[in-house]
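# Observations on the model geometry
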Amino acid sequence: MKNLKSAEEFCRFLWHSYLIDNKKEGIDKFLDLRMTEIGTGLGEFCQSSLEFLKTFGAPRAEHTFLIDKEWYESSCLRENLFLITGEIKLSRRNSGTNLPSVHLRFSMITEYSDSGWQLLHLHRSVPDFSRVDKKTIYYSQFDYLTGLMSRRCMEDHIDKQMKQRPSGVLIAMDIDNFKIYNDQYGHPFGDKILVSLAKSLQKTFPKAVNGRIGGDEFITYISCLSIHKHRLEELLALFFENWNSRQEDLNLDGNVCASVGIGFYPEHGKDFQTLWSNADKALYSAKNNENNHVCYCSELSALKNKAGKL
């Protein structure tokens, strides 16, 4: 089964190919025949990939595009089917003249099969942010369920803290066997698990950047002047103690567990994407053990070096 990160990378590839590289050839192999598109800019509506390709292949204005900022947030709809939402901020130039920047917001449904990635649906719009109310702004920055930062807001905060402090710790965490709890007890019960974990993160790391990446994956980033591993282990023990206590309200026979991957800034990444990617690898190594297992990026490096010597 493909993961959320792979789905986001596929969408990023499509947008960069179109906006930056201006490559239209070969795009059809990534489009499912059933593909649909809705565009709020000019009221576009396509009911098949063939209709979309006619629009897609039309001559584009002679603009040079630069991507100033982009974010992607994904969720798994079912096995190998993903919903990706995001935003791209574009700078435009025409014959050396700077034009007003454009915010492109989109939702995409993608599917992975034996033949590779396919795009099933695209909904894109250029919103008027001057009319956005405070509630909309809030929910663009914070997760509606847990109250933690959304991915875009969290990434902005982490980027700023990386520039302000010389060291940091990124904790990537997700719930073991979360799908089983959803299937057995229902999604409302699964939401209770997510909320209990989020509250425990906020209580244990009140001054950290706490965010929900999507689904059952969370990130905590702690900026600091120097890293003390023993203090970090004390905080993680405190977190699990707090979370186990909150789970009493769930009335389960045993405690729900989580896996944790940890990376250090700048040792394991000098920017958010690299650091998260490495911590995510450590997270999936931890999932092989489950039961609140913690894995550090440094442990993966040690294992790789050991395997290389064999």
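Below you will find a few notes about this structure. Small disclaimer: the values here were computed from a predicted structure and weren't measured. Sequence positions are assigned chain by chain, starting from 1 and proceeding in written order. Owing to the predicted nature of the model, reporting of local features is limited to residues with pLDDT of at least 70; listing and counting of side-chain atom pairs is limited to 80 or more, with chain, interface and lining totals taken over all residues. Derived side-chain values reflect all non-hydrogen atoms in the structure, with water molecules and hydrogen atoms excluded from consideration.

## Overview of a nonpolar patch on the surface
Together, Tyr-138, Tyr-139 and Tyr-144 make up an exposed nonpolar region whose accessible area comes to about 380 Å². Helix and strand labels come from DSSP, where a helix needs a run of H or I of at least four residues and a strand needs a run of E of at least two; each type is numbered from the N terminus. Tracing the chain through its elements places Tyr-139 in helix α3 (residues 134-141). For each residue, the accessible area found with a 1.4 Å probe, counting protein chains only, is set against the maximum for its type, and the residue is called buried under 20%, exposed over 50%, and partly exposed in between. The partly exposed category is assigned to Tyr-139, whose relative accessible area is 43%. Only residues whose relative accessible area exceeds 30% and that form no salt bridge are eligible for patches; like-charged ones are grouped when within 9 Å, while nonpolar side chains (Val, Leu, Ile, Met, Phe, Trp, Tyr) are grouped when within 5 Å. Reported accessibility uses the Shrake-Rupley method at a 1.4 Å probe radius. Residues are deemed covered only where the shown protein chains occlude them. Salt bridge criterion: a side-chain nitrogen from Lys or Arg within 4 Å of a carboxyl oxygen from Asp or Glu.

## Section: the pairing of strand β6 (residues 116-125)
With eight of its ten residues buried, β6 lies for the most part within the structure. As judged from the five bridges shared by strand β1 (residues 31-39) and β6, these two strands associate in the parallel manner. Each bridged residue has a counterpart across the sheet, and for Ile-38 the counterpart in β6 is His-123. The pairing criterion is simple: DSSP has to find at least two bridges between the two strands.

## Some words on the pattern of salt bridges
All chains considered together, the criterion is met by 13 salt bridges. The closest approach of N and O atoms between Glu-8 and Arg-151, which form a salt bridge, is 2.5 Å. Taken together, the positions of Glu-8 in helix α1 (residues 4-19) and Arg-151 in helix α4 (residues 151-164) put the pair 143 residues apart, joining distant regions of the chain. Note on accessibility: Glu-8 and Arg-151 belong to one class, buried. For Lys-69, the salt bridge identified is with Asp-156, shortest N-O distance 2.3 Å. Within this pair, whereas Lys-69 is found in strand β3 (residues 64-78), its partner Asp-156 is found in helix α4, the two being separated by 87 residues in sequence. Classification of Lys-69 as partly exposed rests on a relative accessible area of 41%. For Asp-156, a relative accessible area of 22% gives the class partly exposed.

## Concerning the packing of helix α5 (residues 178-185) against helix α6 (residues 187-204)
Each pair of packed helices can be described by the angle between their axes along with the distance between the axes. For helices, the axis comes from a line fit to the C-alpha atoms of the stretch in contact; other axes are also lines fit to C-alpha atoms, and the angle between any two N-to-C directions lies between 0 and 180 degrees. At a minimum axis separation of 7 Å, α5 and α6 run at an interaxial angle of 140 degrees. One way to sum up the angle between α5 and α6 is to call them oblique. Of α6, the residues touching α5 (which contributes Phe-178, Tyr-181, Asn-182 and Tyr-185) are His-187, Phe-189, Gly-190, Ile-193 and Leu-194. A class-by-class count of the residues in the contact of α5 with α6 yields six nonpolar, three polar and no charged. For classification, angles of less than 35 degrees are called roughly parallel, those exceeding 145 degrees roughly antiparallel, those between 65 and 115 degrees roughly perpendicular, and all remaining angles oblique. The criterion used for residue contact is that any of the two residues' heavy atoms lie within 4.5 Å. Throughout this entry, Asp, Glu, Lys and Arg are counted as charged residues, while Ala, Val, Leu, Ile, Met, Phe, Trp, Tyr, Cys and Pro are counted as nonpolar. The remaining residues, Gly among them, count as polar.

## Overview of the sheet that holds strand β10 (residues 258-265)
The mixed open sheet is built from five strands, whose spatial order is β8-β9-β7-β10-β11. Lying at the two open borders of the sheet, with one neighbouring strand each, are β8 (209-214) and β11 (294-296). Pairwise comparison of adjacent strand axes, ignoring direction, gives a mean angle of 20 degrees for this sheet. Here five bridges tie β8 to strand β9 (residues 217-224), and the two strands are oriented antiparallel to one another.

## Section: the nonpolar core
Take the buried Ala, Val, Leu, Ile, Met, Phe, Trp, Tyr and Cys residues and link them wherever side-chain atoms come within 4.5 Å; each set so joined is a nonpolar core. Membership of the largest hydrophobic core comes to 30 residues, with the highest contact counts inside it found for Ile-171, Ile-193, Leu-197, Phe-205, Leu-232, Trp-243 and Ile-262. Put simply, the parts of the chain that give this core at least two residues each are β7 (167-175), α5, α6, β9, α7 (229-246) and β10. Leu-4, Phe-52, Leu-104 and Trp-117 belong to the second largest nonpolar core, which has 25 residues in total.

## Considering α1
Residue count minus one, scaled by 1.5 Å, sets the expected span of a helix. Taking 1.5 Å per residue as the helical rise, α1 with its 16 residues ought to reach 22 Å, and the 23 Å between its terminal C-alpha atoms agrees with that figure. Along α1, the positions that sit buried rather than exposed are Leu-4, Lys-5, Ser-6, Ala-7, Glu-8, Phe-10, Cys-11, Leu-14, Trp-15, Ser-17 and Leu-19.

## Side note on α7
Given a rise of 1.5 Å per residue, 18 residues ought to cover 26 Å, and the 26 Å separating the end C-alpha atoms of α7 matches this to within 8%. In this fold, the buried residues of α7 make contact with β7, α6, β9, β10 and β11.

## Describing the pairing of β7
One face of the sheet, then the other: side chains in a regular strand alternate in exactly this way. Of all nine residues that make up β7, nine are buried, and the element is covered over most of its length. Here β7 shows two buried faces, one formed by Ser-167, Val-169, Ile-171, Met-173 and Ile-175 and the other by Gly-168, Leu-170, Ala-172 and Asp-174. Relative to β9, β7 runs antiparallel, the two sharing eight bridges. Following the sheet pairing, Val-169 is matched in β9 by Ile-222.

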